[in-house]
Amino acid sequence: QVQLVESGGGLVQAGDSLRLSCAASGRTFGDYVMGWFRQAPGKEREFVAAISRRSGGNTGYADSVKGRFTISRDNAKNTVYLQMNSLKPEDTAVYFCAAAYTTRVATTPEQYDYWGQGTQVTVSS
């Protein structure tokens, strides 16, 4: 069982930066692929970024955030991060952290086993 708690959301202006954190419980954090998803009002949950298990040598990003967002992990702290730069109003959403017990970077919600409660990110123009 893995419990995930996101933090770091807030209200910012376009062009600003935010760093989201996701703290995980459990001793096997390093064995999980970690991902970030987001969901805007009236829209489906969409993939944002993911990082491979253990060393985190492989990452994947949605085209809409590539070059602006960076995912990273610190296995010693059981934490995964999402650094978001050059934020745009269309980035406004609830951001969810998720964990997948798999060997490959996962990009669809169905591949993930555990989810956090989400943190709101609002970007004003």
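Residues numbered from 1 in each chain as written. Predicted model: local features only at pLDDT ≥ 70, side-chain atom pairs only at ≥ 80, totals over all residues. Heavy atoms only, no water.

Turning our eyes to something else, we now look at the state of the cysteines. Under the definition given, this model contains one disulfide. Linked covalently through their sulfurs, Cys22 and Cys97 form a disulfide whose S-S length is 2.1 Å. Here the disulfide of Cys22 and Cys97 is left-handed, its torsion about the S-S bond being about -75°. With Cys22 in strand β3 (residues 18–24) and Cys97 in strand β9 (residues 93–100), the pair connects residues that are 75 residues apart, well separated along the chain. Each member of the pair, Cys22 as well as Cys97, carries the same accessibility label: buried. (Disulfide = S-S within 2.5 Å. Helix = DSSP H or I, 4+ residues; strand = E, 2+ residues; numbered from the N terminus. Buried < 20%, exposed > 50% of the residue type's maximum accessible area, 1.4 Å probe, protein only.)

On to the sheet that holds strand β7 (residues 69–74), then. One open sheet holds the four strands; their spatial order is β1-β3-β8-β7, and the pairing between them is antiparallel. With one partner strand each, in any of the chains shown, β1 (4–7) and β7 form the two edges of the open sheet. Each adjacent strand pair in this sheet contributes to an overall mean axis angle of 15°, direction not counted. In this structure, β7 lies alongside strand β8 (residues 79–84), joined through six bridges in antiparallel fashion. (Pairing = 2+ DSSP bridges. Axes fitted to C-alpha atoms, helices over the stretch in contact; angles between N-to-C directions.)

In terms of nonpolar packing, the biggest core is built from 37 residues, with Met34, Trp36, Val80, Leu82, Met84 and Tyr95 touching the most fellow members. For this core, the secondary structure elements donating two or more residues are β3, β4 (33–39), β5 (46–51), β7, β8, β9 and β11 (119–124). Take this core: its biggest share by element is six residues, from β9. (Core = buried A, V, L, I, M, F, W, Y, C linked by side-chain atoms within 4.5 Å.)

Taken as a whole, this structure holds five salt bridges when the rule is applied. The residue Arg54 makes a salt bridge to Asp31 at a minimum N-O spacing of 3.6 Å. With Arg54 in the loop between β5 and β6 (59–61) and Asp31 in the loop between β3 and β4, this residue pair connects regions lying 23 residues apart in the sequence. In this structure, Asp63 engages Lys66 in a salt bridge whose closest nitrogen and oxygen atoms are separated by 3.2 Å. For the pair Asp63 and Lys66, one class covers both residues: exposed. Each of Arg38, Glu46, Arg68 and Asp91 takes part in salt bridges that share partners, so that together they form one network. (Salt bridge = Lys/Arg side-chain N within 4 Å of Asp/Glu carboxyl O.)

Along the chain, Glu6 turns up in strand β1. Among the polar contacts made by the side chain of Glu6, one reaches the main-chain amide nitrogen of Gln117 at a distance of 3.1 Å. (Polar contact = N/O pair within 3.5 Å; in protein donor to acceptor, adjacent residues only side chain to side chain.)

As a further point, take the environment of Arg104. With respect to the helices and strands, the residue Arg104 is situated in the loop between β9 and β10 (114–115). When its relative accessible area of 67% is taken as the criterion, Arg104 is described as exposed. Once the C-alpha coordinates of Arg104 and Tyr32 are considered, the two residues, 72 residues apart in sequence, prove to be 9.5 Å apart.

This next bit is on unusual backbone geometry. The phi angle at Asn78 is positive, at roughly 50°, despite the residue not being glycine. Note on placement: Asn78 falls in the loop between β7 and β8.

Attention now goes to the pairing of β7. Residues Phe69, Ile71 and Arg73 point to one face of β7 and are all buried, whereas Thr70, Ser72 and Asp74, pointing to the other face, are not buried. Connecting β7 to the next strand, β8, in antiparallel fashion are four residues, including Asn78 with a positive phi near 50°.

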